[in-house]
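# Geometric and topological summary
Here are the chains, one letter per residue:
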2 protein chains.
Amino acid sequence: MAISERKKKILAALVEEYIRTAEPVGSKAIAQSAGLGCSSATIRNELSELTSLGFLEQPHTSAGRVPTPAGYRMYVNELMQRQKLSLEETEEINARMNQKLQQLDDTIGDISRLASQLTDYPALALTTRTAVTIRRFDIIYVDANTFIIVVMLSDNTVKNKLVHLPISVDQKQVQRLSSLFNSGFTGITDDQITPLLINSTERAADDTMGLTSVIAAFAIEVLSASAAPSSFISGENRLLHQPEFRDPDKAHKLMGYLSGGGYILPPENDFVGGNGDIRVLIGPENVAEELKDSSVVIASYDAGDNTKGLIGVVGPTRMDYSAVAAKLSVLAQGLSRRLGGSTEAPPEGMHNKLIIKGDNFNE
Amino acid sequence: MAISERKKKILAALVEEYIRTAEPVGSKAIAQSAGLGCSSATIRNELSELTSLGFLEQPHTSAGRVPTPAGYRMYVNELMQRQKLSLEETEEINARMNQKLQQLDDTIGDISRLASQLTDYPALALTTRTAVTIRRFDIIYVDANTFIIVVMLSDNTVKNKLVHLPISVDQKQVQRLSSLFNSGFTGITDDQITPLLINSTERAADDTMGLTSVIAAFAIEVLSASAAPSSFISGENRLLHQPEFRDPDKAHKLMGYLSGGGYILPPENDFVGGNGDIRVLIGPENVAEELKDSSVVIASYDAGDNTKGLIGVVGPTRMDYSAVAAKLSVLAQGLSRRLGGSTEAPPEGMHNKLIIKGDNFNE
DNA sequence: ATTAGCACTCGGATAAAGAGAGTGCCAACA
DNA sequence: TGTTGGCACTCTCTTTATCCGAGTGCTAAT
């Protein structure tokens, strides 16, 4: 789809103006803003062609133009100049990220909050781990009726559980179980913890009190919880900043979908894509019905050890793609670096590959 | 403030009708709905008096009446019949609570989500623990450069941290530290962990590698994190259900305040109040400017062991106080019971004391 | 190929008119 | 004295009509 250089300039100017104002853009405005020395009449001709090419549309006969999803797509793929954050901006993001990551706690929530603050759109963060296994079991004997199970996972997180028993156990027994679990339950995934395995362990431990199954249940719980993708969304209320969501019903519908944990990406695509890649889904390119007239920008990161994550931002199709992409990119790279993922940090630039999705609008 | 029986009935009918419809209520509507056999003209006279008493107001001369905050207050304090959930409803809430509490994880978040779902208003949950101390230290030696700190707190939660060191330590050293911490750092609160204490421990342990301060820092972090009130809010988007928040600016302002973790209660009042008490703050009774024309219903619970919590719901002053209070009450009581707080469960009724706040509207 | 000019269209803002709901008050009544 | 029907009045909301202007598409001139 080759279009003239001037058309490109006009389209870019129009999209940017529309992103800024949220009002249909007319020929005169473009004639002034875009630095090409020609009159509004010329622009009108060009606009007319761009419209028939499917990049623009008119809300009604006598209004300015508005980009179609295909128009945005063209903008994102070819026109938009990748915004490069200033060193200060990048620094600031990194600083805030550091601050957030200091407390081990609620990383994913914090990151999503941060992304939302930075972009002023609702943001979500997902992580998934594949093939998590237990690396090590420890059982701390507290008293005759109490012990603490501590497991260290292959991704270097540590989980624990306090167990109270109605009956007494002796320390020896606990130690025996601990070593049995360390030999039998480490290095395997949750679906490999079969009733068979549990049974044989129980017999080997000479356990008549059901301790084995308690511990095994915890192992399964921990493993499956770690493997399950976790997600967090925040800043839904920022949607209300956007004029296209002044209609409370619309806003509510989308916000409900988002806070209900609705899928953003088709599950099978969720975690593909390398480190720092940015994906943009424009309007109807989204799979979820609720997102059909919104856009999503997603950055992937790789935290190593089979852990991948996404940070995404949701907004109207009239989104400031360029700024959002730049910011998410810094975030994603920072996360990869910090969480110990691959270290292929780009020399210094924030330019990332854009995975193009759904650009087959006009063939 | 004694008002006639009939006035009370009329006021109650009006408030309930307004809660239902969100439209100013006229004399005719009341004449029909309230079962008192008198004509709309009579009602009009009564309404007029109720208005001059300050319980009602008119949006404009020729509209129906709307309750003032004082009117709601009167309704909540004296008129509203405490709604008693049916056994099934109570059961259902309890079942859902059980389900949520199964996974240890994110209790406070889950509870707030549940409250929001049940009431269809935004809900928030807070907990605070006072005087948390460490009950027990364990340090698990993983390898020469790695160990896991496990601390068990006075509230029976267990926290851990994985520590990687650039240098090697030997197992003996770790054991010595463990026992030193167990004797020196247990049973004290975070502000009692002084540099002095850390120094003397360091010397006693003959620790030249700074392990002591790492462990002490973790102890402080854990203690202060446990003592700090944590809060969670969810369902902000449900505000948009309410006609009074059809104005996106209003909605956004409040939602922003809520998700920004704004204070609901004046800090000094936060956690007073016994188990299952319900507090209602109507409109201007709220301290936060952003809440001045919203209402808040709050249930307190006591999870024992110096742990207190709140579950609250935010909505327009035209809130279904009675239903909300009933539901929160079940939730709060369920939480107390489950989290091991006091067991003074009311015989079976859901009737709770209402702490009256700010009922000095008409003296 | 570009531009100025002009008729035309259509949505949004503004104003006027009408409808309806509800009040307040008065006079009649139990 | 308390209650009721009646009625004029008020005020908002809705509808209808009108106007204005931004922006287009087309044509003719450059």
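This text goes with the structure placed above it.
Attention here is on the structure that accompanies the text. Keep in mind the model is a prediction, meaning the values are calculated, not measured.

Definitions and limits used
Residues numbered from 1 in each chain as written. Chains lettered and ligands numbered in written order. Predicted model: local features only at pLDDT ≥ 70, side-chain atom pairs only at ≥ 80, totals over all residues. Heavy atoms only, no water. Near = heavy atom within 4 Å. Polar contact = N/O pair within 3.5 Å; in protein donor to acceptor, adjacent residues only side chain to side chain. Helix = DSSP H or I, 4+ residues; strand = E, 2+ residues; numbered from the N terminus. Nonpolar A, V, L, I, M, F, W, Y, C, P; charged D, E, K, R; others polar. Axes fitted to C-alpha atoms, helices over the stretch in contact; angles between N-to-C directions. Parallel < 35°, antiparallel > 145°, perpendicular 65-115°, else oblique. Left-handed = near helix turned anticlockwise from the far one by under 90°. Contact = heavy atoms within 4.5 Å.

This part is about the protein's contact with DNA strand D. As a matter of local geometry, DNA strand D sits amid 21 residues, with S27 and S62 of chain A together with T42, T61 and S62 of chain B nearest to it. Restricting attention to atoms of DNA strand D within 4 Å of the protein, one finds that 74% of them are sugar or phosphate atoms. Between DNA strand D and R6 of chain B, the relevant distance is 2.9 Å, taken from a phosphate oxygen to a side-chain nitrogen or oxygen of the residue. Within the contact set of DNA strand D, a base oxygen lies 3.1 Å away from a side-chain nitrogen or oxygen of R44 of chain B. Where the surface near DNA strand D is concerned, the elements lending two or more residues are α3 (40-52) of chain A together with α3 (40-52) of chain B. In terms of residues, the surface near DNA strand D owes the most to one element, α3 of chain B, which gives 4 residues. Its residues assigned to classes, the surface near DNA strand D shows 4 nonpolar, 13 polar and 4 charged.

Looking now at the packing of helix α7 (residues 171-184) of chain A against helix α9 (residues 211-227) of chain A. All names here are of chain A. Following both chains from N to C, one finds α7 and α9 inclined at 45°, their axes separated by 11 Å at the closest point. Classed by the angle they form, the pair α7 and α9 counts as oblique. Judged by the twist between their axes, the crossing of α7 over α9 is right-handed. For the pair formed by α7 and α9, the contact residues are Q173, L177 and F181 on the first element and L211, T212, I215 and A216 on the second.

With that out of the way, let us pick up the protein's contact with DNA strand C. Neighbouring DNA strand C are 21 residues, the closest being T42, T61 and S62 of chain A together with S27 and S62 of chain B. Taking the atoms of DNA strand C that fall within 4 Å of the protein, sugar and phosphate contribute 73% of them. At a separation of 2.3 Å, a phosphate oxygen of DNA strand C approaches a polar side-chain atom of T42 of chain A. Within the backbone of A63 of chain B, one N or O atom sits 3.5 Å away from a sugar or linking oxygen of DNA strand C. For the surface near DNA strand C, the secondary-structure elements that each account for two or more residues are α3 of chain A together with α3 of chain B. Take the surface near DNA strand C: its biggest share by element is 4 residues, from α3 of chain A. Looking at the surface near DNA strand C residue by residue, the classes come out as 4 nonpolar, 13 polar and 4 charged.

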